[in-house]
Amino acid sequence: AVVSTQSGHYGRGTSFLTHVLSAGKPIQEFESRAVALLMGCSSGKLKPTALGSTGTPMEYLLSGCPAVLGNLWNITDKDCDRFTKKLLELWVEKGDEVSMLS
């Protein structure tokens, strides 16, 4: 599996992708095929609108990411780092054996 990770405060990875990888294009035009791990405060939070919801996770899904994992609330750096490290260790160690359902 291919994974794209964005860690840190504010921006939820949008600044990095928009300016560095996609030459200024919006994220949804990036055409990604990687699972997106948005490991920052409220990185997975959606904003309600009259037509549904919007937010960074939706932009990644519209760009073609098969899945997006993010935080729905603020989280301390230490907890976020510990979780991300363990998640990636298990992913690399177990590969396709890892299941979100087990």
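Note: the structure precedes this text.
Cut-offs used in this document
- Residues numbered from 1 in each chain as written.
- Predicted model: local features only at pLDDT ≥ 70, side-chain atom pairs only at ≥ 80, totals over all residues.
- Heavy atoms only, no water.
- Patch = residues over 30% accessible without salt bridge, like charges linked within 9 Å, V, L, I, M, F, W, Y side chains within 5 Å.
- Areas by Shrake-Rupley, 256 points an atom, 1.4 Å probe, with all protein chains shown as cover.
- Salt bridge = Lys/Arg side-chain N within 4 Å of Asp/Glu carboxyl O.
- Helix = DSSP H or I, 4+ residues; strand = E, 2+ residues; numbered from the N terminus.
- Buried < 20%, exposed > 50% of the residue type's maximum accessible area, 1.4 Å probe, protein only.
- Pairing = 2+ DSSP bridges.
- Expected span 1.5 Å × (residues − 1).
- Arc of directions from axis to C-beta.
- Contact = heavy atoms within 4.5 Å.
- Core = buried A, V, L, I, M, F, W, Y, C linked by side-chain atoms within 4.5 Å.

J.: How would you sum up a nonpolar patch on the surface? Please name residues and give values.
T.: Nonpolar side chains collect at one region of the surface, where Leu-46, Met-58 and Leu-61 lie side by side and expose about 220 Å² of accessible area between them. Relative to the assigned elements, Met-58 resides in helix H2 (residues 56–62).

J.: Break down the pairing of strand S2 (residues 35–39) for me, with residues and values.
T.: Of all five residues making up S2, five are buried, and the element is well covered by its neighbours. Of the two faces of S2, the one carrying Val-35, Leu-37 and Met-39 and the one carrying Ala-36 and Leu-38 are both buried. Bridging between S2 and strand S5 (residues 68–70) involves three bridges; their strand directions are parallel. Of the residues in S5, the one forming a bridge with Leu-37 is Leu-69.

J.: Go over unusual backbone geometry, please, and point to the residues and values.
T.: Even without being glycine, Ser-42 reaches a positive phi, approximately 55°. Looking at the element boundaries, Ser-42 is found in the loop between S2 and strand S3 (47–49). Ser-42 gets classed as buried once you look at its relative accessible area, which sits at 13%.

J.: Quick one: what's the story with helix H3 (residues 77–94), residue by residue and with numbers?
T.: For an α-helix, the turn length of 3.6 residues means that residues three or four places apart are oriented alike. With 18 residues, H3 should reach 26 Å at 1.5 Å per residue; the first-to-last C-alpha distance of 25 Å fits that figure. Taken together, the buried positions of H3 are Cys-80, Thr-84 and Leu-87. Angularly, the buried residues of H3 cover 65° about the axis, an arc narrow enough to put them on a single face. The outward face of H3, more than 90 degrees from its buried face, is lined by the exposed residues Lys-78, Arg-82, Lys-85 and Glu-93. Contacts made by the buried residues of H3 are with S2 and S5. Looking at the residues trailing H3, positive phi occurs at Gly-95, about 55°.

J.: Lay out the nonpolar core with the relevant residues and their values.
T.: Among the nonpolar cores identified, the biggest contains five residues, and these are Val-35, Leu-37, Met-39, Cys-80 and Leu-87. Counting only elements with at least two residues in this core, the list comes to S2 and H3. Here the element with the most residues in this core is S2; it accounts for three residues. In this structure, Leu-87 is in contact with Leu-37 and Leu-69, ignoring residues within four places of it in sequence.

J.: Kindly report on the pattern of salt bridges, identifying the contributing residues and their values.
T.: Across all of its chains, the model carries two salt bridges by this definition. When the shortest N-O distance is used, the salt bridge between Arg-82 and Asp-79 registers 2.7 Å. On the criterion of helical spacing, the pair formed by Arg-82 and Asp-79 is a turn pair, its members being three residues apart in helix H3. On the basis of relative accessibility, which here comes to 32%, the residue Asp-79 falls in the partly exposed class. Here Glu-89 makes a salt bridge to Lys-85, at a shortest N to O gap of 3.8 Å. Here the residue Glu-89 and the residue Lys-85 both occupy positions in helix H3, the gap between them amounting to four residues, near one helical turn. For Lys-85, a relative accessible area of 55% gives the class exposed.

Distances and angles like these do not, on their own, reveal function.
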